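# Examining the three-dimensional arrangement
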Amino acid sequence: MGKKLFILLVVLMSLSLIGIIFVQAFFINNTLKNEEKQFTSDVIRSLSLVSKAIEDKELLSYDRLYKEVTKNGRTPDTTEIKQLLIYDSFDEDTNQAIRFKNAIAEESFKVPSLFFDIGTDSINISRFTNISETKVYDRSPIDGKISLSPTQTFRDYSTMDDLGRSFYKKNYRAVYKNYPIYKRITNDEVSDFLQSQFSINGIKTAFEYAIFDKDLSTKIRSDNFELNPESTIGIPVFLDDKGRSKYSLYVDFPERRKYLLSSILGMIVLSIIFTSIIILAYSSAIYQLIRQRQISQIKTDFINNMTHEFKTPIATINLALDSIRNPKIIGDQDKVMRYLKMIKDENKRMHAQVENVLRISKLEKNELNISKERVKLHDLVEDAVTHVELIVEDRKGYVKTHLEADKSSVLANETHFTNVIVNILDNAIKYSDNAPKIDVYTENVGNNVLLKISDQGNGMSKLVQKRVFEKFYREHTGNVHNVKGHGLGLAYVKRIVDDHQGHISVESEKGKGSTFTIKLPLIS
């Protein structure tokens, strides 16, 4: 996969993931807004019913008085005809005149205010009665005059309760209009009405209430009520005949936000869980893609380096063989031996490279058998130094040992740990452009022995220090292959040290050299 295509895929996947998150957030936000609208609608409906309940409660005394007056047949104090309709007609067939009269009479009663604490001695109760009367008069066939006395009379009386109630309400509201609100309704009654209606409408959260007289608070209020224009919901109460009122019932819900969120909490939790799973899976996929690209690049570098590592020895061997076959050379024993030594050395170098690959592969599969025994670390150091001292001397350098540890007995595999020290020394030689100058130190720290190998070579950057023990990793130097190897030596070193319950670290500065430190536990 090309770098541009890889970047494009990552960008598209990232945008898609961000889009999913935004869609989820938008959906949850819209759901919350709809819940708020539904909540407000339920509250307003409840308040409307409470307002009606308050008015019905106030009119309950009227009902008792009205029923008592109408039931007992009490004589009205005054009677007044409010409306009168007279209609005359003549029936030619029967030669009779018919007069129809319909009247609405208002009967007023003065009732003591036993049921009303409004500061007056009595109140007026009005009852409206409908009187229908039909009279039939005979007409003289001689002169056409109508007789004075009706021959038939039909009367009907009916009480107009609805009209009476309406008229009483009008008077009743007029009386109560300027009466103190706390004498018309109590705190307990308002609280009970609200609690009942909220419960019916499924509103199960704490609330605070108050009745305001225009912009002023009244005594009818809960202890912790605060008027908040953004969250308080109100509705008029004690309406007059024109639907107006100076009183408003306000309700506020201190835990409104929490209550609304609880209604969609399940959806929010599931959304967060699923989104987190998607993010985790996406992050893992991106990490794996990046890791695969890195591995692919490392393998490419490894193949290029291995190709270069093998190309030079093969070319050298071919040249040496061609030279030996030359009749002029084959008879020269010294030259033949020289070329044979070159072939052997190059073959040995290729064999060492293959061994490194096989060793690291076996380590990863836990197939490398590493038996350990008691050994002196100082002996391993001296043995390792003998492997490289000829190369160092040939380059006019040195390897100095400063073995100052009083105790150096460790549990280790002699062969593999010698290879560890040789690899670090070989690394110091490789990465020294000038004559290699190497110092080896040992010291005791607690129950451990420290082995430090310092050089004055090229050193390395902070980034390289973090990755120097990774398999196949080598510092990029473009197409320059002035340093042999393929990034397996230090990876092998770390695996062996870890297997010995040890620890390895590196300190380095570009252009000033490096110091590798190995810490191993001592044995008694």
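Look a little higher up for the structure.
Attention here is on the structure that accompanies the text. (Residues numbered from 1 in each chain as written. Predicted model: local features only at pLDDT ≥ 70, side-chain atom pairs only at ≥ 80, totals over all residues. Heavy atoms only, no water.)

Our next topic: the overall build of the protein chain. Scanning the protein chain for helices and strands turns up 12 helices and 15 strands. Counting all 524 residues of the protein chain, 36% fall into the buried class. If you take every contact in the protein chain between residues at least 6 apart in sequence, the share linking residues at least 24 apart comes to 69%. Just so you have it, the protein chain exposes about 32300 Å², and 53% of that area is on carbon and sulfur atoms. (Helix = DSSP H or I, 4+ residues; strand = E, 2+ residues; numbered from the N terminus. Buried < 20%, exposed > 50% of the residue type's maximum accessible area, 1.4 Å probe, protein only. Contact = heavy atoms within 4.5 Å. Areas by Shrake-Rupley, 256 points an atom, 1.4 Å probe, with all protein chains shown as cover.)

To continue, consider the nonpolar core. Counting 40 residues, the largest nonpolar core has Phe-417, Ile-421, Leu-425 and Ile-518 as its most contacted members. Of all the elements in the fold, those that place two or more residues in this core are α9 (377-394), β11 (409-412), α10 (414-430), β12 (437-445), β13 (448-455), α12 (489-499), β14 (503-509) and β15 (513-521). Here the element with the most residues in this core is α10; it accounts for 8 residues. The contact partners of Ile-518, leaving out residues within four places of it in the chain, are Phe-417, Val-420, Ile-424, Val-449, Leu-450, Leu-451, Val-497, His-503 and Ile-504. Counting residues in hydrophobic clusters, the runner-up holds 28 residues, among them Leu-47, Tyr-247, Leu-260 and Ile-264. (Core = buried A, V, L, I, M, F, W, Y, C linked by side-chain atoms within 4.5 Å.)

With that settled, consider the sheet that holds β12. Strand-to-strand pairing in sheets goes through backbone hydrogen bonds, with the strands running parallel or antiparallel. The strand order β10-β12-β13-β15-β14 describes an open sheet built from 5 strands, whose pairing is mixed. Two strands bound the open sheet, and with one partner strand each, they are β10 (398-403) and β14. Averaged over all adjacent pairs, the angle separating strand axes in this sheet is 15°, with direction ignored. The strands touched by α9 within the sheet are β10, β12, β13 and β15, with β10 carrying the most contacts at an inclination of about 170°. Lying on the sheet, α10 is in contact with β12, β13, β14 and β15; it crosses β15 at an angle near 170°. (Pairing = 2+ DSSP bridges. Axes fitted to C-alpha atoms, helices over the stretch in contact; angles between N-to-C directions.)

With that settled, consider a nonpolar patch on the surface. Where nonpolar side chains cluster on the molecular surface, the patch consists of Leu-5, Ile-7, Leu-8, Leu-9, Val-11, Leu-12, Met-13, Leu-15, Ile-18, Phe-22 and Leu-289 and spans about 970 Å² of accessible area. When residues of the nonpolar patch are assigned to their parent elements, the largest contribution, 10 residues, is made by helix α1 (residues 3-58). By relative accessible area, Leu-289 is classed as partly exposed at 32%. (Patch = residues over 30% accessible without salt bridge, like charges linked within 9 Å, V, L, I, M, F, W, Y side chains within 5 Å. Salt bridge = Lys/Arg side-chain N within 4 Å of Asp/Glu carboxyl O.)

Okay, the packing of α9 against α10 next. Between α9 and α10, the least distance of the axes is 9 Å, while the angle of their chain directions is 40°. Judged by the inter-axis angle, α9 sits oblique to α10. Relative to α10, the crossing made by α9 is right-handed. Contacts between α9 and α10 involve Leu-377, Leu-380, Val-381, Asp-383, Ala-384, Val-385, His-387, Val-388, Ile-391 and Val-392 from the former and Glu-414, Phe-417, Thr-418, Ile-421, Val-422, Leu-425 and Ile-429 from the latter. For the contact of α9 with α10, the class distribution of residues is 13 nonpolar, 2 polar and 2 charged. (Parallel < 35°, antiparallel > 145°, perpendicular 65-115°, else oblique. Left-handed = near helix turned anticlockwise from the far one by under 90°. Nonpolar A, V, L, I, M, F, W, Y, C, P; charged D, E, K, R; others polar.)

Applying the stated criterion across every chain, the model contains 8 salt bridges. A salt bridge links Asp-322 to Arg-325, with the nearest nitrogen and oxygen atoms 2.5 Å apart. On the criterion of helical spacing, the pair formed by Asp-322 and Arg-325 is a turn pair, its members being 3 residues apart in helix α6 (residues 265-325). Here Asp-322 falls in the partly exposed class, since its relative accessible area comes to 42%. Owing to a relative accessible area of 59%, Arg-325 belongs among the exposed residues under this scheme. In this structure, the salt-bridge partner of Asp-426 is Lys-430, at a minimum N-O distance of 3.5 Å. Highlighted residues: Asp-426 and Lys-430, both in helix α10, separated by 4 residues, approximately one helical turn. Look at Lys-430 and you get partly exposed, because its relative accessible area is 28%.

This part is about the environment of Phe-225. With respect to the helices and strands, Phe-225 occurs in the loop between β6 (216-221) and β7 (233-237). Those residues in contact with Phe-225, other than ones at most four positions away along the chain, are Glu-208, Tyr-209, Ala-210, Phe-212, Thr-232, Tyr-250, Val-251 and Asp-252.

A separate point is the packing of aromatic side chains. Given two aromatic rings, one states the distance between the centres and the angle between the planes to describe the pair. As enumerated under the stated definition, the model contains 8 aromatic pairs in all. Measuring from ring centre to ring centre gives 6.1 Å for Phe-238 and Tyr-247, while their planes differ by 80°; the resulting arrangement is edge-to-face. Here Tyr-247 falls in the buried class, since its relative accessible area comes to 5%. Put simply, the rings of Phe-39, Phe-198, Phe-207, Phe-253 and Tyr-259 pair up and form one aromatic cluster. Here the guanidinium or amino end of Lys-219 rests over the ring plane of Tyr-182, the centre of that ring lying 4.5 Å away. Note that Lys-400 overlies the ring of Tyr-398, its terminal NZ or CZ placed 4.5 Å from the centroid. (Phe/Tyr/Trp six-rings, centres within 6.5 Å; stacked < 30°, edge-to-face > 60°. Lys NZ or Arg CZ within 6 Å of the ring centre and 35° of its normal.)

This next bit is on α9. With 18 residues, α9 should reach 26 Å at 1.5 Å per residue; the first-to-last C-alpha distance of 27 Å fits that figure. Along α9, the helix axis deviates most sharply at Val-388, where the bend reaches about 45°. Every buried residue of α9 is accounted for by Leu-377, His-378, Leu-380, Val-381, Ala-384, Val-385, Val-388 and Val-392. At the C-terminal side of α9, Lys-396 shows a positive phi close to 65°. (Expected span 1.5 Å × (residues − 1). Bend = angle between axes of the 7 residues up to and from the residue.)

Relative to β12, β10 runs parallel, the two being bridged by 6 bridges. Among the inter-strand pairings, Leu-403 is bridged to a residue of β12, identified as Thr-442. Between β12 and β13, which pair antiparallel in sequence order, lie 2 residues; one of them, Gly-446, sits at a positive phi of approximately 65°.

The 4 strands lie next to each other as β6-β5-β8-β7, forming an open sheet whose pairing is antiparallel. The sheet is open, and its two edges are formed by β6 and β7, each paired on a single side. Going from strand to strand, the sheet's axes swing by 30° on average, the running direction of each strand aside. Relative to strand β8 (residues 247-252), β7 runs antiparallel, the two sharing 5 bridges. Directly across from Gly-234, in β8, lies its bridge partner Tyr-250. The strands touched by helix α4 (residues 187-200) are β5 (208-213), β6 and β8; relative to β5, the strand with the most contacts, the crossing angle is about 125°.

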